[in-house]
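The primary structure of each chain is shown beneath.
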Amino acid sequence: MKKRGLADWLSLLLHGVVGLGFLLFALQFLMLGLIRRGPHGEVRDRPWFVPRRIEDAAEVGGRIYILYRDSGAVNVYDGQGQFLWAISIPWHDHDSDVRLRVGESSFYLYQRRHDVYQFDRETGELKNSFPWEGREEDFPDERAPGETKEAWAWTPGEGCYDDLTVYRAREDGELQPLIHRGGWVRLFYFTTAWALGFFGMIGVILVENTLKPALRERAKKKNRQKNGKDAGAQE
């Protein structure tokens, strides 16, 4: 059995990275597909695991509503970060993502050119749905300037978020984590899976077409030099 060299092990490792990238790519679309297929508008007693970053979050009336990108899925928590219930609406296309608006007694989920869904803020019960057309001013597709609550733009005493965590910004300037997902979730992000597959494949091509031939040529040269020395010693 031929002994594996450094280039062989490196090639094997890079093939594994490519395989991991494709596996994560497939898993994220499988999980998103299950969420997008529903059932929609029904209160769910388990949180959605969405392999995407937080798209929007709002804390109103002792409830924290978290909307995840590319999914139409919302997890709802109490003011201490304890899960209460989850909901989802149909996700239609990549042209515009689902948006979240929280009112006095209802919250709304909608996607441009499609229906607006109205839910009870306390229970998650679906109360109504109506077309988005004609209500563009009430349900804008883009956030107004200063409306973002992302962690880099927080205000003391209010909630804010980054891609994995919802915080409460304390008056002393510290961000108190309320709801957190581990950094390993980023492995399922589209950019992570794409990067693993793409750069792993580039590495495989370089090893197979550059490093391995160079090492083989180097080994042949050493063998020729060794055979030449042996022949000279026999003479």
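Bear in mind the structure is a predicted one, so any value in this text is a computation, not a measurement.

Draft legend 1. A look at the packing of aromatic side chains. Applying the stated rule across the entire model yields 15 aromatic pairs. Ring geometry for F130 versus F139: centroids 5.9 Å apart, planes at 50°, classification tilted. Given a relative accessible area of 14%, F130 falls into the buried group. Classification of F139 as buried rests on a relative accessible area of 5%. Here the aromatic rings of W194 and F199 are separated by 6.3 Å at their centres, their planes lie at 85°, and the arrangement is edge-to-face. For W194, a relative accessible area of 44% corresponds to the partly exposed category. Its relative accessible area of 52% is what places F199 among the exposed residues. An aromatic cluster is defined as three or more aromatic residues linked by ring pairs; in this entry it consists of Y65, W85, F107 and F119. Looking at R36, its charged tip hangs above the ring of W91, at a distance of 3.8 Å from the centre. The ring of W48 carries the charged tip of R44 above its face, separated from the ring centre by 4.0 Å.

Draft legend 2. A look at the pattern of salt bridges. Enumeration over the complete set of coordinates arrives at nine salt bridges. In this structure, E59 engages R168 in a salt bridge whose closest nitrogen and oxygen atoms are separated by 2.4 Å. Of this pair, E59 sits in strand β1 (residues 54-60) while R168 sits in strand β10 (residues 165-169), and the two are 109 residues apart along the sequence. Looking at E59, the relative accessible area reads 33%, which means it is partly exposed. A salt bridge links D163 to R186, with the nearest nitrogen and oxygen atoms 2.9 Å apart. Taken as a pair, D163 in the loop between β9 (159-161) and β10 and R186 in the loop between β11 (175-180) and α2 (190-234) lie far apart in primary sequence, 23 residues in all. One salt-bridge network, in which partners are shared between bridges, spans E55, R69 and R99.

Draft legend 3. Summary view of the nonpolar core. Counting residues in hydrophobic clusters, the biggest one holds 16 residues, and the most contacted among them are V50, I54, I64, I66, V166 and I179. It is strand β2 (residues 63-68) that provides the largest number of residues to this core, a total of three residues. Every residue in contact with V50, bar those within four places of it in the chain, is listed here: L32, I35, Y68, R69, S71, A73 and R181. The next biggest cluster of nonpolar side chains, apart from the first, holds 15 residues, and it includes A58, L67, W85 and F107.

Draft legend 4. Representation of the environment of H15 in the model. With respect to the helices and strands, the residue H15 is situated in helix α1 (residues 6-36). For H15, a relative accessible area of 43% gives the class partly exposed. Residues H15 and M201, spaced 186 residues apart in sequence, show a C-alpha to C-alpha distance of 7.4 Å. The residues contacting H15, other than those within four sequence positions of it, are V204 and E208.

Draft legend 5. Layout of unusual backbone geometry. For D70, which is not a glycine, the phi torsion comes out positive at approximately 60°. Along the chain, the position of D70 falls in the loop between β2 and β3 (73-78). Residue classification places D70 among the buried residues on the basis of a relative accessible area of 17%. Positive phi outside glycine occurs at R113, with the angle close to 75°. What makes R113 partly exposed here is its relative accessible area of 39%.

Draft legend 6. Examining a negative patch on the surface more closely. A cluster of acidic residues, D115, E133, E136 and E137, forms a negative patch on the protein surface. Examined against the element boundaries, E133 turns out to sit in the loop between β8 (126-131) and β9. Taking the relative accessible area as the measure of exposure, E133 reaches 44% and is therefore partly exposed.

Conventions we followed
- Residues numbered from 1 in each chain as written.
- Predicted model: local features only at pLDDT ≥ 70, side-chain atom pairs only at ≥ 80, totals over all residues.
- Heavy atoms only, no water.
- Phe/Tyr/Trp six-rings, centres within 6.5 Å; stacked < 30°, edge-to-face > 60°.
- Buried < 20%, exposed > 50% of the residue type's maximum accessible area, 1.4 Å probe, protein only.
- Lys NZ or Arg CZ within 6 Å of the ring centre and 35° of its normal.
- Salt bridge = Lys/Arg side-chain N within 4 Å of Asp/Glu carboxyl O.
- Helix = DSSP H or I, 4+ residues; strand = E, 2+ residues; numbered from the N terminus.
- Core = buried A, V, L, I, M, F, W, Y, C linked by side-chain atoms within 4.5 Å.
- Contact = heavy atoms within 4.5 Å.
- Patch = residues over 30% accessible without salt bridge, like charges linked within 9 Å, V, L, I, M, F, W, Y side chains within 5 Å.
- Areas by Shrake-Rupley, 256 points an atom, 1.4 Å probe, with all protein chains shown as cover.
- Lys, Arg positive; Asp, Glu negative; His and termini not counted.
- Charge placed at Lys NZ, Arg CZ, Asp CG, Glu CD.

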